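# Coordinate analysis (summary)
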Amino acid sequence: MADTSTPAAAEKTTSRRVLEGVVTRDKTAKTRRVEVERLVRHPKYGKFVKRRTVCYVHDEANESHLGDTVEIIESRPLSKTKRWNLVKVVKRAPSRTLSNLEGAVAGSDAAAPAKTEEKK
């Protein structure tokens, strides 16, 4: 009979991926949408291009909000789309109104209100 007490027969575990991204949607309870940006080298031209991955994250305590930079870790499937858990909030977003951030791409300056010039 095989000896099952050897370390080789022990349960195999793989390290889970840890990523950092920006919360782009926080309307649902205990779920956040996080965008993770990465740089990818273009196959033909060699220029580095920004790409983003959208991850749906389980936030049990509802501690993260729109615009926050968060650290997430890979987990078992929690629902149809959720595959990540929130580890911690790395950086809080400056207090801005929700209407300015709604629909804006993470990290862009499009969310900033445009300055209007007054004519004299």
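First, a word on scope: everything that follows refers to the structure included in this document. Since the structure is predicted, the reported quantities are computational estimates derived from the model, not experimental observations.

What counts and how
Residues numbered from 1 in each chain as written. Predicted model: local features only at pLDDT ≥ 70, side-chain atom pairs only at ≥ 80, totals over all residues. Heavy atoms only, no water. Helix = DSSP H or I, 4+ residues; strand = E, 2+ residues; numbered from the N terminus. Buried < 20%, exposed > 50% of the residue type's maximum accessible area, 1.4 Å probe, protein only. Core = buried A, V, L, I, M, F, W, Y, C linked by side-chain atoms within 4.5 Å. Salt bridge = Lys/Arg side-chain N within 4 Å of Asp/Glu carboxyl O. Pairing = 2+ DSSP bridges. Axes fitted to C-alpha atoms, helices over the stretch in contact; angles between N-to-C directions.

## Some remarks on unusual backbone geometry
Here the phi dihedral of Lys 30 falls at roughly 65 degrees; this positive angle occurs in a residue that is not glycine. Within the secondary structure layout, Lys 30 lies in the loop between β1 (18-25) and β2 (31-41). Lys 30 sits in the partly exposed class, given a relative accessible area of 33%. Although it is not a glycine, Asn 62 adopts a positive phi angle of roughly 55 degrees. Within the secondary structure, Asn 62 is located in the loop between β3 (48-58) and β4 (69-74). Residue classification places Asn 62 among the partly exposed residues on the basis of a relative accessible area of 31%.

## A short note on the nonpolar core
Counting residues in each nonpolar core, the largest one holds 10 residues, listed as Val 23, Val 34, Val 36, Cys 55, Val 57, Val 70, Ile 72, Trp 84, Leu 86 and Val 89. Listing elements by their share of this core, those giving two or more residues are β2, β3, β4 and β5 (84-91). A per-element tally of this core places β5 first, with three residues.

## Quick word on the pattern of salt bridges
The full count for this structure, using the stated rule, is seven salt bridges. When the shortest N-O distance is used, the salt bridge between Glu 35 and Arg 33 registers 2.9 Å. A relative accessible area of 3% places Glu 35 in the buried class. Take Arg 33: its relative accessible area is 18%, and that puts it in the buried class. In this structure, Asp 68 and Arg 92 form a salt bridge, with 3.4 Å as the shortest nitrogen-oxygen distance. Residue Asp 68 is found in the loop between β3 and β4, and its partner Arg 92 is found in the loop between β5 and α1 (98-101); the two are separated by 24 residues along the sequence. Classification of Asp 68 by relative accessible area gives buried; the value is 3%. Salt bridges here are not isolated pairs; linked through shared partners, they connect Arg 33, Glu 35 and Arg 52.

## As for the sheet that holds β4
Around the barrel, which closes on itself, the five strands sit in the order β1-β2-β3-β5-β4 with mixed pairing between neighbours. On average, each strand axis in the sheet is tilted by 45 degrees relative to the strand beside it, whichever way the strands run.

## Considerations on the pairing of β1
Bridge analysis of β1 against β4 gives five bridges, and the strand direction is antiparallel. The partner of Glu 20 across the bridge, within β4, is Glu 71. Here β1 hands over to β2 after five residues, with Lys 30 in that stretch at a positive phi of 65 degrees.

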